[in-house]
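Per-entry structural report
Each chain, written out:
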Amino acid sequence: MSNRLFSALLASAALLTPAMGEAQSLRVAHTNAANEVQDMGLQKMNEILAEKSGGAVSLEDFPGGQLGDEQQIVESVMLGSLDMAMVSNAMLSNYVSEYKVFDMPFLFPTIEGLGEKIDANFELMQADANAAGFQLIAVYSSGIRNLMTSEPVNSIEDLQGMKIRTMQNPVHVEAFREYGANPTPMSYSELYGALQSGVVDGAEGASTGYDGMKFYEVAPNYALVGWLNMAAPIVMQKAAFDALPGDVQADLMEAGHESAVWQRQYVIDQEAPLLEKFEELDVNITRPDLAPFKAASQPLYESELTTDGQKALYSAMTAE
């Protein structure tokens, strides 16, 4: 980090610090729909934070990309013009390279299992975030990600040549190239229109997003491939967090952890009812053989996890 940028970050942190005794509202932004599972976690965090702080600290929530796409809100946090961001790990790993571990396909089969590993290794994850200039507040779940498409996907062969929207993340792009698709990175806010107009033939995503954004209206086929267990980290600028009073720091970290435990279970509880809802909406749900997808994913572990930090986090997260 340059001295000029570091000085700007410190100045921004000072501007965000409230005067002694004032109530504080922390602005948090994300691109998920209001009342989608990620947003529900933030609402829970706000409840817990208000209780712990006696109403002295609260969250002001900006869902649905109101303050920009994921890259824009991460950069706003880095510059100190936004207090907090909840983003997909796929975006944050572009800044905290160790987090690329969580972008690896088929690594964590269950949300519960991933949550346990995150909680057990939170200090290591915090150190990685701090080194990149962030404070990790919590890690939510964005669910297990499947395929939504205009035409049915019954096997990996059906993906050959299909234009599949991915997140703007190199691992995601390479994964779908390995699956035989034509990966097409684009902003989440553009996806509905791209599906509707045929710019893309499909996309990868979780059931909660498929429902919350009503993608079933324009992509009526849903293949349960479970290729990725998506984490959704919540971060602040490290300098801004350090400038908060100690009791606010403690309340925020506790509220983050408690809301994450609640939110991840909430995501688990939503999955079965959502699949039932999709069936009622006449969505064509398919269950392709996963073995070819898993086999095609294996080369990514060697090609993508190359640094000592990535290997250390991978070892910690996969240790028995």
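Residues numbered from 1 in each chain as written. Predicted model: local features only at pLDDT ≥ 70, side-chain atom pairs only at ≥ 80, totals over all residues. Heavy atoms only, no water.

Describing the side chain of arginine 165
Topologically, arginine 165 is positioned in strand β5 (residues 163-166). In this structure, arginine 165 is in contact with Arg145, Thr184, Met186, Ser187, Tyr188, Leu191, Val200, Gly202, Ala203 and Glu204, ignoring residues within four places of it in sequence. (Helix = DSSP H or I, 4+ residues; strand = E, 2+ residues; numbered from the N terminus. Contact = heavy atoms within 4.5 Å.)

Notes on helix α13 (residues 308-318)
An α-helical turn contains 3.6 residues, so a residue and the one three or four places further along point in the same direction. Where α13 is concerned, the buried positions are Gln310, Leu313 and Met317. With its buried residues spanning 70° around the axis, α13 presents them on a single face. Those residues of α13 hidden inside the fold are in contact with α5 (111-120), α6 (122-131) and α12 (291-304). (Buried < 20%, exposed > 50% of the residue type's maximum accessible area, 1.4 Å probe, protein only. Arc of directions from axis to C-beta.)

Notes on the packing of α5 against helix α11 (residues 246-280)
Contact geometry for α5 and α11: axes closest at 10 Å, N-to-C directions at 165°. Taken as axis vectors, α5 and α11 run roughly antiparallel relative to one another. The handedness of the crossing between α5 and α11 is right-handed. For the pair α5 and α11, the contacting residues are Ile111, Glu112, Gly115, Ile118 and Asp119 in the first and His257, Val261, Arg264, Val267 and Ile268 in the second. Residue classes in the contact of α5 with α11 are distributed as five nonpolar, two polar and three charged. (Axes fitted to C-alpha atoms, helices over the stretch in contact; angles between N-to-C directions. Parallel < 35°, antiparallel > 145°, perpendicular 65-115°, else oblique. Left-handed = near helix turned anticlockwise from the far one by under 90°. Nonpolar A, V, L, I, M, F, W, Y, C, P; charged D, E, K, R; others polar.)

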